[in-house]
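Observations on the model geometry
Chain by chain, the residues:
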Amino acid sequence: MGANVAAYRKQGFLLLEGLFGSGELSAATAWLDGVESFRGPQVGVTDGGEVQSVYGVHELEPRVLDLVRSEKLRPVLTELLGGSFYLYQSQLHLKPASSSTLDWHQDFRAYHDYDGLPRPDGAIVGIFLDPISEDMAPVRVIPRSHRFGLLEAELATPVPQRGPTGVAAAGDREPKMAYRIPEPAMRTLFQEDSIVPLVGAAGTVFICDMCLVHSSDLNHTGRRRGILYTNVARVGVTPSKLDRPPFVVARDYDEL
Ligand SMILES: O=C(O)CCC(=O)C(=O)O
């Protein structure tokens, strides 16, 4: 077993620091530079009027998929997942100053409950489009938390700590209900493992197990914190419910 696979299986995530250079990121960052003026059902906006998230980024700028298809990333993902994969979902998360905290959760909870994805056979792939430091709402993970599989979760509206309400969901204008892991279960997790903030230079990439528990806090700096997500699932492991729109859950199950 390669070192990456062993670390990934044990910790539930890998951080590949500075994997991409600015030239390789340029199609994504050029698109990102114009995103503040873009509005549509794919866009989640804070009550402060700032763009928090964009779903279906690959439909708006298909060249973002060059990163996940690149020789730097695709072989790593193929090795970790044990075979070929397709794009499950692409998203951009910006965490502007007026955004709220994102509670502790597992992405597989939503994929399972909303989309009927049968098993967590895939990965969350976050590509830093900006340098991200600890005070900029980095994604925080609890190492090894994936080993428990799918934990119980409750639906809640994020509590804004700045700005009047939470973020509207992509596709509607109501504050979004999101899954979170209740506090007693979180306390148990915190007793065993320390929180790790995923920070680094632009071009850094994290790969997380779909069951890894993670969250993000407030962006205290107001600096742009672009993370492009190109989340993937194993070929042959597909959603059974298509309730969420194609910009939230992609419909092309062919190998990337
Ligand atoms: O980028 C972030 O702040 C976290 C996003 C996230 O965890 C999610 O969309 O499930």
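Residues numbered from 1 in each chain as written. Predicted model: local features only at pLDDT ≥ 70, side-chain atom pairs only at ≥ 80, totals over all residues. Heavy atoms only, no water.

By the naming in an unreviewed UniProt entry, the protein is Phytanoyl-CoA dioxygenase family protein, taken from Paractinoplanes hotanensis.

**Observations concerning the overall build of the protein**
Our working rule: Under the scheme used here, helices are H or I runs from DSSP no shorter than 4 residues and strands are E runs no shorter than 2 residues, and both carry numbers assigned from the N terminus. Type-normalised accessible area, obtained with a 1.4 Å probe on protein chains alone, sets the label of each residue: buried when under 20%, exposed when over 50%, and partly exposed for intermediate values. Whether two residues are in contact is decided by their heavy atoms: any pair within 4.5 Å suffices.
Secondary structure summary: the protein contains seven helices and 13 strands in total. If you line up the protein on its principal axes, its C-alpha atoms span 50 × 45 × 35 Å. For the protein, buried positions account for 53% of its 256 residues. Residue pairs at least 24 apart in sequence account for 85% of intrachain contacts in the protein once pairs closer than 6 positions are excluded.

**Quick notes on the site of the ligand**
Note the following rule: Put simply, a residue is near a molecule or strand once any heavy atom of it comes within 4 Å of that molecule or strand. We define a polar contact as two N or O atoms separated by no more than 3.5 Å, with the added condition that, inside protein, one atom must be a possible hydrogen donor and the other a possible acceptor, whereas residues neighbouring each other in sequence contribute only through side-chain atom pairs. For every accessible area listed, the method is Shrake-Rupley and the probe measures 1.4 Å; residues are considered covered only by the protein chains on display. Side-chain classes follow a simple rule in which Ala, Val, Leu, Ile, Met, Phe, Trp, Tyr, Cys and Pro form the nonpolar group, Asp, Glu, Lys and Arg form the charged group, and the remainder, Gly included, forms the polar group.
Surrounding the ligand, one finds Gln 91, His 93, Lys 95, Leu 102, His 105, Asp 107, Val 139, His 214, Ser 216, Arg 225 and Tyr 229. Measuring from an oxygen atom of the ligand, one finds a side-chain N or O atom of His 93 at 3.3 Å. Contacts to the ligand include Tyr 229, whose side-chain N or O atom sits 2.6 Å from an oxygen atom. Calculation on the ligand without its partners gives an accessible area of 300 Å², and the protein chains cover 92% of this total. Secondary structure elements with two or more residues in the shell around the ligand: strand E4 (85-93), strand E5 (102-105) and strand E12 (214-216). Split into classes, the residues belonging to the shell around the ligand amount to three nonpolar, five polar and three charged.

**Concerning the sheet that holds strand E11 (residues 205-209)**
To keep it simple, the criterion reads: Think of it this way: DSSP has to see at least two bridges between two strands before they count as a pair. Axes, fitted as lines to C-alpha atoms, cover a helix only where it is in contact. Angles between the N-to-C directions of the axes lie from 0 to 180 degrees.
Sheet architecture is open: seven strands sit in the order E1-E11-E6-E13-E4-E3-E2, paired in antiparallel fashion. A single partner strand is all that each edge strand has here, and the edge strands are strand E1 (13-16) and strand E2 (43-45). Pairs of neighbouring strands in the sheet enclose a mean axial angle of 15°, with direction left out of account. Its contacts with the sheet place helix H6 (residues 107-115) against E4, strand E6 (122-128) and strand E13 (227-234), and it is angled at close to 115° to E4.

**Here we look at the sheet that holds strand E7 (residues 139-141)**
An order of E5-E12-E7-E10 is seen for the four strands of this open sheet, with the pairing classed as antiparallel. In this open sheet, the two strands that pair with only one neighbour each are E5 and strand E10 (196-197). Of the pairings in the sheet, the one linking E5 to E12 comprises two bridges and is antiparallel in character. Bridge pairing links Leu 102 to Ser 216 in E12.

**Overview of the nonpolar core**
Inclusion rule: Put simply, buried Ala, Val, Leu, Ile, Met, Phe, Trp, Tyr and Cys residues joined by side-chain atoms within 4.5 Å make one nonpolar core.
By size, the foremost hydrophobic cluster in this structure holds 38 residues, and its most contacted members are Leu 73, Leu 92, Ile 127, Val 205 and Ile 207. Residues contacting Leu 92, with those up to four places away along its chain left out, are Trp 31, Leu 32, Val 35, Gln 52, Ser 53, Val 54, Val 57, Leu 129, Gly 226, Ile 227 and Leu 228.

**Notes on the packing of aromatic side chains**
To be explicit about the condition: Geometry of aromatic contacts follows a simple scheme: Phe, Tyr and Trp rings, the Trp one being its six-membered ring, pair when their centres are within 6.5 Å, and the pair is stacked under 30 degrees between planes, edge-to-face over 60, tilted otherwise. Placement of a positive charge over a ring is assigned whenever Lys NZ or Arg CZ falls within 6 Å of the ring centre and within 35 degrees of the normal to the ring plane.
Counted according to the given criterion, the structure contains six aromatic pairs. Judged by centre distance (4.5 Å) and plane angle (50°), the ring pair of Tyr 88 and Tyr 111 falls under tilted. Note that Tyr 88 is positioned in strand E4 and Tyr 111 in helix H6, a separation of 23 residues in sequence. The same class applies to Tyr 88 and to Tyr 111, which are both buried. Considering the side-chain rings of Tyr 114 and Tyr 179, the 5.5 Å spacing of their centres and the 35° angle between planes classify their relative orientation as tilted. Within this pair, whereas Tyr 114 is found in helix H6, its partner Tyr 179 is found in strand E9 (residues 178-180), the two being separated by 65 residues in sequence. Overall, Tyr 114 belongs to the partly exposed group, its relative accessible area being 29%. Cluster of aromatic residues (ring-pair linked, three or more members): Phe 128, Phe 206 and Tyr 229. When the ring centre of Tyr 179 is taken as origin, the NZ or CZ atom of Arg 109, which lies over that ring, is 5.9 Å away.

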